[in-house]
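# Structure at a glance
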Amino acid sequence: MNGSRIAAVGHYQPAKVLTNEDLAGLVDTSDEWIRSRVGIRTRHVAGPDEPVDELAGHAAAKALAAAGLGPRDIDLVLVATSTAIDRSPNMAARVAARLGVPSPAALDVNVVCAGFTHALALADHSLRAGAATRALVIGADKMTEVTDWTDRTTCVLVGDGAGAAVVEASDEPGIGPVLWGSVPEMGHAVRIEGTPPRFAQEGQSVYRWATTKLPAIARQACERAGLAPEDLAAVVLHQANLRIIEPLAEKIGAVNAVVARDVVDSGNTSAASIPLALSKLVERGEITSGDPVLLFGFGGNLSYAGQVVRCP
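Residues numbered from 1 in each chain as written. Predicted model: local features only at pLDDT ≥ 70, side-chain atom pairs only at ≥ 80, totals over all residues. Heavy atoms only, no water.

### Comments concerning the packing of helix 8 (residues 214–224) against helix 9 (residues 242–252)
- It is at 9 Å that the axes of helix 8 and helix 9 come closest, and there the two elements cross at 55°. Classed by the angle they form, the pair helix 8 and helix 9 counts as oblique. Crossing of helix 8 over helix 9 shows right-handed handedness. On helix 9, the residues that touch L214, P215, A218 and R219 of helix 8 are L248, K251 and I252.
- Classifying every residue of the contact of helix 8 with helix 9 by side-chain character gives five nonpolar, no polar and two charged. (Axes fitted to C-alpha atoms, helices over the stretch in contact; angles between N-to-C directions. Helix = DSSP H or I, 4+ residues; strand = E, 2+ residues; numbered from the N terminus. Parallel < 35°, antiparallel > 145°, perpendicular 65-115°, else oblique. Left-handed = near helix turned anticlockwise from the far one by under 90°. Contact = heavy atoms within 4.5 Å. Nonpolar A, V, L, I, M, F, W, Y, C, P; charged D, E, K, R; others polar.)

What follows is the structure, encoded as structure tokens:
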């Protein structure tokens with residue numbers, strides 16, 4: 001095989017919805033303050049009995065069903081997450097057990113908000129090398145479990161959820177070359193640290209980096225796929241903040257593309273945000289099979305990874 005492709009996608013969000021008005025009862029904030037600064041209206045919150053692997057398993061099951069495949073068709077499971085509290089078994093092994101995937105390679109990928117696009121690249125490389133034939137690539141995070149609910153600068157941002165893709169070997173490459181990297185000396189700008197772990201960030205530093213440094217990098221990802229930004233049908237950026245997504249998409253130059261804005265309804269779901277937003281675009285028919293879509297993750301570690309994929 002000469003490459004790999006996304007065969008199908010799926011997503012899952014917990015039933016409980018937390019509104020801006022709900023948050024105004026917890027901290028000194030308001031619907032107007034939150035919308036004007038980050039563009040978020042609602043977010044989904046998992047309960048104490050809904051662990052990360054459960055969110056991931058639901059999304060993965062939907063992706064498998066959409067692909068017309070079963071657990072026995074999978075031989076590689078990759079879960080991008082930064083909110084796995086236990087060290088072992090890892091999330092990938094737990095998801096494989098939930099689904100009944102027999103003897104897969106099972107790896108977690110912790111690159112925080114850029115985790116899914118890193119994991120997708122690893123799956124693509126594995127399939128191209130013949131180390132696997134079909135992979136489940138999942139982004140899943142329970143950010144509300146690592147949130148300080150007294151800090152109004154961070155608690156208004158986060159939500160929980162999962163998104164998944166079935167990736168399979170293909171004669172025609174459907175996943176473009178990845179462009180990835182990091183700024184490790186600025187890793188302190190986004191953190192999940194401590195006991196118990198808590199999410200914190202330097203918002204202005206992240207905003208300046210994302211809106212000034214990342215557009216050129218995202219354009220390079222398009223170049224590696226042999227496309228100009230104006231050829232893109234959609235752009236799915238990490239759903240961090242509407243004030244980052246909109247200027248970044250504009251500076252990339254994807255003038256004809258649908259821009260995913262799922263952050264408005266889902267908040268920042270970290271590694272889940274890109275597959276969650278992509279799956280919703282597919283579900284709503286806003287993009288069609290074969291369309292070129294730029295996926296671009298960025299955030300923790302100040303890491304980034306992007307590639308152009310063909311819509312399943």
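### Focus on the sheet that holds strand 5 (residues 105–109)
- As summarised here, the arrangement of the five strands in space is 1-7-6-4-5, forming an open sheet in which the pairing is mixed. The open sheet has two edge strands, strand 1 (3–12) and strand 5, and neither has a second partner. Pairs of neighbouring strands in the sheet enclose a mean axial angle of 20°, with direction left out of account.
- As judged from the nine bridges shared by strand 1 and strand 7 (residues 160–170), these two strands associate in the antiparallel manner. For V9, the partnering residue across the bridge sits in strand 7 and is A165. (Pairing = 2+ DSSP bridges.)

### Description of unusual backbone geometry
- For the peptide bond that leads from S88 to P89, omega is 0°, which places it in the cis range.
- A cis amide bond links T195 to the next residue, P196, at an omega of 0°.
- Here P196 lies in the loop between strand 9 (190–193) and strand 10 (198–201).

### Considerations on the pattern of salt bridges
- Taken as a whole and assessed by the stated rule, the structure comprises 14 salt bridges.
- For D31, the salt bridge goes to R35, with nearest N and O atoms at 3.1 Å. Of this pair, D31 and R35 both sit in helix 2 (residues 31–38), separated by four residues, roughly a single helical turn.
- Looking at D31, the relative accessible area reads 23%, which means it is partly exposed.
- Residue R35 is classed as partly exposed on the basis of its relative accessible area of 42%.
- For R128, the salt bridge is made with D124, and the minimal N-O distance between the two is 3.0 Å. Taken together, the residues span about one helical turn, with R128 and D124 both in helix 5 (residues 115–129) at a distance of four residues. (Salt bridge = Lys/Arg side-chain N within 4 Å of Asp/Glu carboxyl O. Buried < 20%, exposed > 50% of the residue type's maximum accessible area, 1.4 Å probe, protein only.)

### Section: the pairing of strand 5
- Here strand 4 (residues 76–80) runs beside strand 5; their pairing, made up of five bridges, is parallel. Each residue of the ladder has a partner; that of L76, found in strand 5, is A105.
- Remark: the strand 4/helix 4 (residues 91–99)/strand 5 crossover connection has right-handed handedness. (Right-handed = clockwise from strand over helix to strand, strands pointing away.)

### As for the environment of F296
- If you trace the backbone, F296 turns up in strand 13 (residues 292–299).
- The sequence separation of F296 and Q307 amounts to 11 residues, and the corresponding C-alpha distance is 6.7 Å.
- Setting aside anything within four residues of it in sequence, one finds F296 in contact with T117, L214, I217, A218, V236, L237, H238, I274, Y304, A305 and G306.

### Here we look at helix 3 (residues 52–67)
- With 16 residues, helix 3 ought to run about 22 Å at 1.5 Å a step, and its terminal C-alpha atoms sit 23 Å apart, in line with that.
- Of the surrounding secondary structure, the elements contacted by the buried residues of helix 3 are strand 1, helix 4, strand 6 (134–142) and strand 7.
- G68, located one to two residues past helix 3, shows a positive phi value of around 70°. (Expected span 1.5 Å × (residues − 1).)

Shape descriptors only; they carry no functional weight alone.
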